[in-house]
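Below are the chains, spelled out letter by letter.
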Amino acid sequence: MAHKCVFLDRDGVLNRERGEYTFLPQDFEVIKGVPTAIDELKKNGFLVIIITNQAGIAKGIYTREQMKQCHELLQEACHHAIDAIYYCPYHPTYSASLARKPDSLMFEKAMARFDIKPETSWMAGDKERDLIPARKLGIKTIGITESQAIGEADFMAKNLTEAVAIILEQHKKAPNK
Ligand SMILES: [Mg+2]
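Residues numbered from 1 in each chain as written. Predicted model: local features only at pLDDT ≥ 70, side-chain atom pairs only at ≥ 80, totals over all residues.

A. Looking closely at the environment of Gln 75. Position of Gln 75 among the secondary structure elements: in helix α2 (residues 64-77). According to the C-beta neighbour criterion, Gln 75 is partly exposed, with 14 such atoms within 10 Å. Each C-alpha atom, one on Gln 75 and one on Lys 4, is 20 Å from the other, the two residues being 71 residues apart in sequence. Residues in contact with Gln 75, not counting those within four places in the same chain, are His 80 and Ile 82. (Helix = DSSP H or I, 4+ residues; strand = E, 2+ residues; numbered from the N terminus. Buried ≥ 20, exposed ≤ 12 C-beta atoms within 10 Å, placed from the backbone. Contact = placed C-beta atoms within 7 Å.)

B. Region of the structure containing the sheet that holds strand β3 (residues 84-88). Read from one edge of the open sheet, six strands run β3-β2-β1-β4-β5-β6, paired in parallel fashion. This sheet does not close on itself; its edge strands, each paired only once, are β3 and β6 (155-157). Across the sheet, the axes of successive neighbouring strands diverge by a mean angle of 20°, strand direction being ignored. Bridge count for strand β1 (residues 5-8) against strand β2 (residues 47-53) is four bridges, and the pairing is parallel. Across the sheet, Leu 8 pairs through a bridge with Ile 50, a residue of β2. In this fold helix α3 (residues 105-114) packs onto β1, β2 and β3, with an angle of close to 150° to the strand it touches most, β3. (Pairing = 2+ DSSP bridges. Axes fitted to C-alpha atoms, helices over the stretch in contact; angles between N-to-C directions.)

Here's what the structure looks like:
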């Protein structure tokens, strides 16, 4: 049976957006409520997969190892409930990549590997470029921000806790869509 999934952007959704690259464990601050929100999704049968651009690697600002340390912290905070983390280390200045959002290759890889059905899946992100690839693939979108609406968003929420409440409510109304 095909799976339903909630795809998540990382910075600004799971950890606090600092306005610059976050790659040191001491700067990596998991947003309050995130572990509980992810637990709720898992309890309701959703896969939880992160899709993140990490162009700081291409730019030589930090290493894959440093990024992975931050992801280990995140997994620990979330009791290892995150099913997979896809990251794109490239930046157009250095090398083109169809993986980097707003392109959709990371999503497509995850969908093939985990047999994910787009109609019952969601993407939550704080930038339009997070939502563009999801929209293209028929995945529902939630913009997460406290400021103005994000283009391409089917729904808006202030944080992941609020986004998960919307997802579960919509899922209850129409479990197959
Ligand atoms: Mg972000």
